[in-house]
Amino acid sequence: MSAPALRVVVQQEDFKLDDLLAQMRHGRPQIGAIACFIGTVRDLNQGDTVSSMFLEHYPGMTERSLEAIAQKAIERWKLESVSIVHRVGLLKPLDQIVAVVTASAHRQDAFESCQFVMDFLKTEAPFWKKEQVADQPRWVQARASDDEARDRWL
């Protein structure tokens, strides 16, 4: 039995889910379930129209943080693979921001671990988001609901 594959990428370029799935499944016939979350830029936030979002991160620290979150999932569930791709830079509504993909032999491990990774990513990964609303930029603040989602796993 091989160790679970772990892939973390932070990039400006868009990603294709089909490519992520193919990479994840390659050489791993034991995978019976794949769960995926894709986050996209919304055009509305807090009642305001969002024309764009700029995501910043701390290179090196961000990847280590994402790897640590994925490793926690690997320790908690029977996973074959975890892949996280997060974009940075200027994004527009409908653009993809993040993909979290987890794979296991059975669906429950895949479902739960995917949600776990996303819940921790939202609260623990060092990303900073600035939205453009009307003629003003504003920093996106942390939400109590994100902390509550993470805390249910503790």
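For the structure given in this document, a descriptive report is provided here. (Residues numbered from 1 in each chain as written. Predicted model: local features only at pLDDT ≥ 70, side-chain atom pairs only at ≥ 80, totals over all residues. Heavy atoms only, no water.)

Notes on the overall build of the chain
Here comes step 1: When its secondary structure is counted, the chain shows four helices and nine strands.
Here comes step 2: Along the chain, helices (α) and strands (β) appear in the sequence β-α-β-β-β-α-β-β-β-α-β-β-α when read from the amino end.
Here comes step 3: A compact globule built from 154 residues should have a C-alpha radius of gyration of about 15 Å, and the chain, at 16 Å, falls within 12% of that.
Here comes step 4: Each principal axis of the C-alpha atoms in the chain carries an extent, and together these give about 55 × 30 × 25 Å.
Here comes step 5: Here the chain holds 154 residues, and 43% of them are scored as buried.
Here comes step 6: By sequence separation, contacts in the chain at least 24 residues apart represent 78% of the contacts at least 6 residues apart. (Helix = DSSP H or I, 4+ residues; strand = E, 2+ residues; numbered from the N terminus. Rg over C-alpha atoms; globule rule 2.2 N^0.38 Å. Buried < 20%, exposed > 50% of the residue type's maximum accessible area, 1.4 Å probe, protein only. Contact = heavy atoms within 4.5 Å.)

Considering the pattern of salt bridges
Here comes step 1: Per the stated rule, a full pass over the model turns up nine salt bridges.
Here comes step 2: A salt bridge links Asp48 to Arg138; the shortest N-O distance between them is 2.6 Å. Taken together, the residues Asp48 in strand S4 (residues 48-57) and Arg138 in strand S9 (residues 136-139) connect sequence positions 90 residues apart.
Here comes step 3: Asp48 sits in the partly exposed class, given a relative accessible area of 31%. (Salt bridge = Lys/Arg side-chain N within 4 Å of Asp/Glu carboxyl O.)

Some thoughts on the pairing of S9
Here comes step 1: With four bridges connecting them, strand S8 (residues 127-133) and S9 associate as antiparallel partners. Its bridge partner lying in S9, Gln132 is registered against Pro137.
Here comes step 2: The antiparallel pairing of S8 with S9 creates a hairpin that spans two residues between the two strands, and Ala134 there sits at a positive phi of about 50°. (Pairing = 2+ DSSP bridges.)

Description of the packing of aromatic side chains
Here comes step 1: As enumerated under the stated definition, the model contains four aromatic pairs in all.
Here comes step 2: Measuring from ring centre to ring centre gives 5.1 Å for Trp77 and Phe116, while their planes differ by 65°; the resulting arrangement is edge-to-face. Here Trp77, found in the loop between helix H2 (61-76) and strand S5 (79-87), pairs with Phe116, found in helix H3 (residues 107-124); they are 39 residues apart in sequence, far enough to count as distant.
Here comes step 3: Using a relative accessible area of 3% as the deciding quantity, one classes Phe116 as buried.
Here comes step 4: Taken together, a centroid distance of 5.6 Å and an interplanar angle of 80° make the contact between Trp77 and Trp153 edge-to-face. (Phe/Tyr/Trp six-rings, centres within 6.5 Å; stacked < 30°, edge-to-face > 60°.)

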